[in-house]
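# Notes for the structure review
These are the residues of each chain, in order.
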Amino acid sequence: MPLWLRTLILTGPLEQVEAARDEHLRHLADLRAEGRLRVAGRWSQGEGYLDVFEALDRLAAEELARKSPFIREGLCAWTLRDWQSLDNEP
């Protein structure tokens, strides 16, 4: 299944970002439980997140990406890119 890379750069007010953080982490936990999350983490300064997940196509990837409360509530700038791992290449 294709892989997608999502970056989230937090731009919203700190109190709103903190209020949405637990729901975002649950969103990632749900992806992990479904076997779709390959890797996830946050920037060391706390300004955002990056994750790589599986989705059938771009439409499905965008639908899944928009489930983050950071995106839904307009608390971040975000990008979604198709990801091609080089792990299996010589």
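Right above here is the structure, for reference.
Residues numbered from 1 in each chain as written. Predicted model: local features only at pLDDT ≥ 70, side-chain atom pairs only at ≥ 80, totals over all residues. Heavy atoms only, no water.

### Quick look at the overall build of the protein
As a reminder of what qualifies: The way it works is that DSSP assigns letters per residue, a run of H or I at least four long becomes a helix, a run of E at least two long becomes a strand, and they are numbered from the N terminus. Each residue is placed in one exposure class: buried if its accessible area under a 1.4 Å probe, protein chains only, is under 20% of its type's maximum, exposed if it is over 50%, and partly exposed if it falls in between. By definition in these notes, contact holds between two residues if any of their heavy atoms fall within 4.5 Å.
Along the backbone of the protein there are 3 helices and 4 strands. Its C-alpha atoms give the protein principal-axis dimensions of about 45 × 25 × 20 Å. Counting the 90 residues in the protein, one finds 34% classified as buried. For the protein, long-range pairs separated by at least 24 residues make up 67% of all intrachain contacts whose partners lie at least 6 apart in sequence.

### Considerations on the side chain of Arg6
Note the threshold: Here a polar contact is taken to be a pair of N or O atoms separated by no more than 3.5 Å, where protein atoms must pair a possible hydrogen donor with a possible acceptor and residues adjacent in sequence count only if both atoms sit in side chains.
Turning to its location among the elements, Arg6 is positioned in strand 1 (residues 3-10). Here the side chain of Arg6 touches His27 through a polar contact of 3.0 Å, side chain to side chain.

### Focus on the pairing of strand 3 (residues 48-54)
Within a regular strand, side chains alternate between the sheet's two faces. For clarity, the cut-off: By this definition, two strands are paired if DSSP reports at least two bridges between them.
Counted residue by residue, strand 3 has 6 buried out of 7 residues, so it is predominantly covered. In this sheet, strand 3 lies alongside strand 1 in antiparallel orientation, the contact comprising 7 bridges. Its bridge partner lying in strand 3, Trp4 is registered against Phe53. As defined by bridge partners, strand 2 (residues 37-42) adjoins strand 3 across 5 bridges and the pair is classed as antiparallel. By the bridge assignment, Ala40 is partnered in strand 3 with Asp51. Two successive antiparallel strands, strand 2 and strand 3, enclose a turn made up of 5 residues, where Gly46 displays a positive phi of approximately 80°.

### Some thoughts on helix 2 (residues 58-65)
To keep it simple, the criterion reads: In this description, one arc is meant: the one made by directions from the helix axis to the C-beta atoms.
Those residues of helix 2 that fall on the buried side of the exposure criterion are Ala61, Leu64 and Ala65. Buried residues along helix 2 cover an arc of 100° about the axis, so they all sit on one side. Among the exposed residues of helix 2, those pointing more than 90 degrees away from its buried face are Leu59 and Glu63. For helix 2, the capping residue at the N-terminal end is Asp57, with a side-chain oxygen 3.3 Å from the backbone nitrogen of Leu59.

### Side note on the nonpolar core
Defined as follows: Definition of nonpolar core: a set of buried residues of the types Ala, Val, Leu, Ile, Met, Phe, Trp, Tyr and Cys, connected through side-chain atoms within 4.5 Å.
Counting residues in hydrophobic clusters, the biggest one holds 10 residues: Trp4, Leu28, Leu31, Leu37, Phe53, Ala55, Ala61, Leu64, Ala65 and Leu80. Counting residues per element, the ones that place at least two in this core are helix 1 (14-33) and helix 2. Examining the composition of this core, we find that 3 residues originate from one element, helix 2, more than from any other. With residues near it in sequence (within four places) discarded, Ala65 still touches Arg6, Phe53, Ile71, Trp78 and Leu80. Grouped together as the second largest cluster of nonpolar side chains are 9 residues, Leu10, Phe70, Leu75 and Cys76 included.

Note that all results are geometric; they support no functional claim without further evidence.
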